[in-house]
Amino acid sequence: MSARLTDRVVQLMRAMSVEEKIGQLNMLTAGLVTTGPGDPANYLEALKAGRLGSLFNLFGRKQVRDVQRIAVEETRLGIPLIFGYDIIHGHRTIFPIPLGEAAAFDAALWERTARIAALEGAAEGLNLTFAPMLDVSRDPRWGRIAESAGEDSWLTSLFAKAKVKGFQGDDVKSPLSLAATAKHLAAYGAAMAGRDYAEVEISERALHEVYLPPFEASVKAGVAALMPAFTDMDSIPLTAHVAILRDIVRRQWGFEGVIISDYNAIAELIAHGIAADLTEAATLALKAGVDIDMMGHAYVQGLPKALQSGAVTMDLIDQAVGRVLMLKEQLGLFDDPYRDAAANFDHKARRVEYRDAALDAARRSIVLLTNRNNVLPIRQAPRRVAILGPLANAQAEMLGPWSGAGLIEDMVPFLPGLRAAWPQSEILHTAGVDIEGGDLDGIAAAVDMARRADLTILCLGEQRFMSGEAGSRGRPDLPGHQAELAKAVLDVGKPVIVLLSSGRPLAVTDLIERADAVLATWFLGSEAGHAVADVVTGLWNPSAKLPVSWPVDVGQIPVFYAHRPSGRPKLSDFRYESKYLDLPNEPLFPFGHGLSYTRFTYSGFSASPSELRPGNKVTLDVTVSNEGEVAGEETALFFMRDPVASVSRPVLELKGLAKLTLAPGQSQTVTVVLTTADMMFPGQDFASKLEAGEFLFFVGSSAREETLLKASVRLVR
Ligand code: NOJ
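Residues numbered from 1 in each chain as written. Predicted model: local features only at pLDDT ≥ 70, side-chain atom pairs only at ≥ 80, totals over all residues. Heavy atoms only, no water.

**Observations regarding the pattern of salt bridges**
Under the criterion given, the structure shown has 43 salt bridges. Across the pair Lys183 and Asp86 runs a salt bridge, and its minimum N-O distance is 3.1 Å. Here Lys183, found in strand β5 (residues 179-185), pairs with Asp86, found in the loop between β3 (82-85) and α5 (98-102); they are 97 residues apart in sequence, far enough to count as distant. Across the pair, exposure class does not vary: Lys183 and Asp86 are buried alike. Residues joined in a network through salt bridges with shared partners are Arg205, Glu209, Arg649, Glu653 and Lys655. (Salt bridge = Lys/Arg side-chain N within 4 Å of Asp/Glu carboxyl O. Helix = DSSP H or I, 4+ residues; strand = E, 2+ residues; numbered from the N terminus. Buried < 20%, exposed > 50% of the residue type's maximum accessible area, 1.4 Å probe, protein only.)

Structure (structure tokens):
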């Protein structure tokens, strides 16, 4: 995005009053959907008075057109509005939550679903989305892990590029594109103890190595906007963080797009305790480089006073206004404020394609966690099957926590999906218990059904708003009386397959250990029921992998694979080693875990050349074989470790992946090429370093080190 102003923008700025300029920096909610605190201000009044530059939470062709018409025809300068909305995992067609979609490890899929979401959003008058969410998330207590691509920085960077490309297309000017907003910069995922909006206490190194790279990737991909996190870094809320927003984002990365505050975040600088009033809050945010005030009313109320007192300069305001107007220019809004081509785009013809994409995304997101005695797939329709649990027919829950404009009635929950797959089977169904609250009265009926059936599919998990924003849970396990239901059904002693719907990994080790098979189904969106049926019946061989470690117990959190080595690693039963007395160190399932109905083996791993110099490439080759009976897809994960460096390096770091589709008995060699740039790290002074010595590379199916193949190279100078 270029910050160079067009002649039109320059002319416009000459004609604008100070109030009109500040108005361009003001973003209000229209309140059609509630995504934050406070009453929707009277946005039409603000608009007519030239005090509104962008609006969010309003969609619908006519609704948006009516407001845009006022902006263009009834305001003094006729400046069109930006219309934003949170399109996090689909607009009308709902795709799996990002954490689920991340499990596909599939950039092409991520781009495709963002593209469809953009097409549907644009058709309803939107031109900006507050997505992708790029917060590396290592704490399943934090509800917003659901919106993220999980625990890994490299994978989240890949996700960032794919999503930006999908939303923005080749050019945001196209009426079929949305400007994307990478959020929430940065380290929001490290909110203390997983409590939303809480303080963040991480090292500067973690900021640079783990949390910032996905945002830098989004900037490189041309993202139009960034949103700072609500939270702080080093006691400075990101909304006022000059060192991060100005020095790193604007200067080092060269980001010239707009920075949009989070909802009311500028005003919240007062509650953070770094501003006494809205004027001080506005001053701090503007100085940090925040261009748009979302619902804080701080710029409109505070900036005139700050300007008068000399706390901010007109030049600073002009810079922000220039960026906002340039976004409007880049969106083509001055020439085509209604973006009519988006409305005329023939969506009806594409409905089937969108549903297919939703089915594909949902199937690719389902992680087969366990499958004892290969109980799955169920290739022969059961004579009588019990489909039990409060998530079995939970149509609304399938929408997940950020459901755009998705409609409950368009969701296919598990029960009808499985019913369609097994038209001849007798299906017994009861919820047994509520998701949360309620009583135990329904358990007896559920047990009776489990007894009478050949097979039980037990659908458990969370309600959709138990994750997402403000959806933190101190105990991420089964809410309500679901654990009692599960125990009673498992005690029947017949085969039980558990479908676990959640916005996060759930610490339900007892359940996972007792069930015959467990599928993590997250919140899968429009096609949830069909996708699950395809996996259960074996029409689709599961290929997804966990993008986040799955804890044994809440006491392990945060548990993630890319940790640094301890000086006293756990090697034995000797007491004085890094471990718990009452829990294992390892998660129940590592990052990358996900079973298939076939078996893949890895062999012949090599890294070459064995000696490299700065600037060289290193080629990693491995042969993957399908040794099972059915075709399947595998994602090979390539990790690196720098065993001796000037700063302690993580035990494993994901550096690449390769996807393969293999017929039974088929083998294929895949290659990932890295360069010495991939072997660099922030040194003691945080400048990027490439240090000579040995580097270890690993490949395999997950981050469980003992299952990985290893090769090494030496970097010489
Ligand atoms: C607050 C959330 O943190 C952010 O992700 C979202 O985009 C805004 N509300 C607008 O809804």
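**Structural notes on the sheet that holds β3**
Across the sheet, eight strands lie side by side as β9-β6-β5-β4-β3-β2-β1-β10; this open sheet has parallel pairing. At either end of the open sheet lies a strand with only one pairing partner, and these are β9 (258-259) and β10 (293-294). Where β3 meets strand β4 (residues 128-129), two bridges bridge the pair, whose relative direction is parallel. Within β4, the position partnered with Gly84 by the bridge is Leu128. (Pairing = 2+ DSSP bridges.)

**Quick look at the side chain of Ser467**
For Ser467, the location among the structural elements is in the loop between β14 (455-461) and α19 (482-491). Excluding anything up to four places from it in sequence, Ser467 contacts Gly143, Ala146, Pro401, Glu462, Gly503, Arg504 and Phe523. (Contact = heavy atoms within 4.5 Å.)

**Here we look at the sheet that holds strand β19 (residues 617-626)**
An order of β17-β19-β22 is seen for the three strands of this open sheet, with the pairing classed as antiparallel. What marks the edges here is a single partner per strand, and that holds for β17 (600-608) and β22 (667-675). Adjacent strand axes in the sheet meet at a mean angle of 20°, parallel and antiparallel pairs treated alike. Looking at chain direction, β17 and β19 are connected through seven bridges and run antiparallel. Bridge pairing in β19 places Ser606 opposite Asp621. (Axes fitted to C-alpha atoms, helices over the stretch in contact; angles between N-to-C directions.)

**Some thoughts on the nonpolar core**
Tyr299 and Phe639 are the most contacted members of the largest nonpolar core, which totals 146 residues. Residues Ala146, Leu369, Ile427 and Ala544 belong to the second largest nonpolar core, which totals 84 residues. (Core = buried A, V, L, I, M, F, W, Y, C linked by side-chain atoms within 4.5 Å.)

**Remarks on the domain arrangement of the protein**
Each domain of the protein was delimited in the assignment, giving domain 1 (7-87 + 126-343), domain 2 (355-556) and domain 3 (600-715). Relative placement of domain 2 and domain 3: their C-alpha centres are 34 Å apart. Buried area between domain 2 and domain 3, both sides added, is near 510 Å², and the carbon and sulfur share of it is 40%. Interface area lost by domain 2 to domain 3 is led by Asn541, Ser543 and Lys545, which between them contribute 74%. The tally of links between domain 2 and domain 3 comes to two salt bridges. Of the charged contacts, one joins Glu633 and Arg364 as a salt bridge, the two residues approaching to 2.8 Å between their closest N and O atoms. At the surface where domain 2 touches domain 3, the tally comes to four residue pairs in polar contact (both at pLDDT 80 or more). Residue composition of the side of domain 2 that touches domain 3, by class: one nonpolar, two polar and three charged. (Domains from an automatic or database assignment. Buried area = accessible area lost by both parts, 1.4 Å probe. Polar contact = N/O pair within 3.5 Å; in protein donor to acceptor, adjacent residues only side chain to side chain. Nonpolar A, V, L, I, M, F, W, Y, C, P; charged D, E, K, R; others polar.)

**Focus on the packing of helix α6 (residues 107-123) against helix α16 (residues 351-365)**
Between α6 and α16, the least distance of the axes is 11 Å, while the angle of their chain directions is 140°. Between α6 and α16 lies a crossing whose hand is left-handed. Along the contact surface, α6 presents Leu109, Arg112, Thr113, Ile116, Leu119 and Glu120, while α16 presents Arg351, Glu353, Tyr354, Ala357, Asp360, Ala361 and Arg364. For the contact of α6 with α16, the per-class residue count stands at six nonpolar, one polar and six charged. (Left-handed = near helix turned anticlockwise from the far one by under 90°.)

**Describing the pairing of strand β12 (residues 384-388)**
Of all five residues in β12, five are buried; the element is thus mostly enclosed. Burial of β12 is two-sided: the residues Arg384, Ala386 and Leu388 facing one way and the residues Val385 and Ile387 facing the other way are all buried. Sheet topology places β12 next to strand β13 (residues 426-430); five bridges connect them, and they run parallel. Bridge pairing in β13 links Val385 to Ile427. Each parallel crossover has a hand, and for β12 linked through helix α17 (residues 414-421) to β13 it is right-handed. (Right-handed = clockwise from strand over helix to strand, strands pointing away.)

**Concerning unusual backbone geometry**
Each neighbour pair has its own omega, and for Ala131 with Pro132 the value is 10°, a cis peptide bond. In this fold, Pro132 is placed in the loop between β4 and α7 (153-168). The omega torsion across Ile557 and Pro558 is 0°, close enough to zero to call that bond cis. You will see that Phe105, though not glycine, has its phi angle at about 45°, which is positive. Looking at where Phe105 falls in the secondary structure, it is placed in the loop between α5 and α6. Phe105 gets classed as buried once you look at its relative accessible area, which sits at 1%. Unlike most non-glycine residues, Ala193 shows phi in positive territory, near 60°.

**Considering the packing of aromatic side chains**
Any two aromatic rings considered together are summarised by their centre-to-centre distance and by the angle between their planes. Per the counting criterion, the structure on display carries 14 aromatic pairs. Summarising the aromatic geometry, the rings of Trp110 and Phe159 are spaced 5.1 Å apart at their centres and angled 70° between planes, so their arrangement reads as edge-to-face. In this pair, Trp110 sits in helix α6 while Phe159 sits in helix α7, placing the two residues 49 residues apart along the sequence. Residues Trp110 and Phe159 agree in their burial class; the two are buried. Each ring, one from Tyr197 and one from Phe230, has its centre 5.2 Å from the other, and the planes form 85°; the classification is edge-to-face. (Phe/Tyr/Trp six-rings, centres within 6.5 Å; stacked < 30°, edge-to-face > 60°.)

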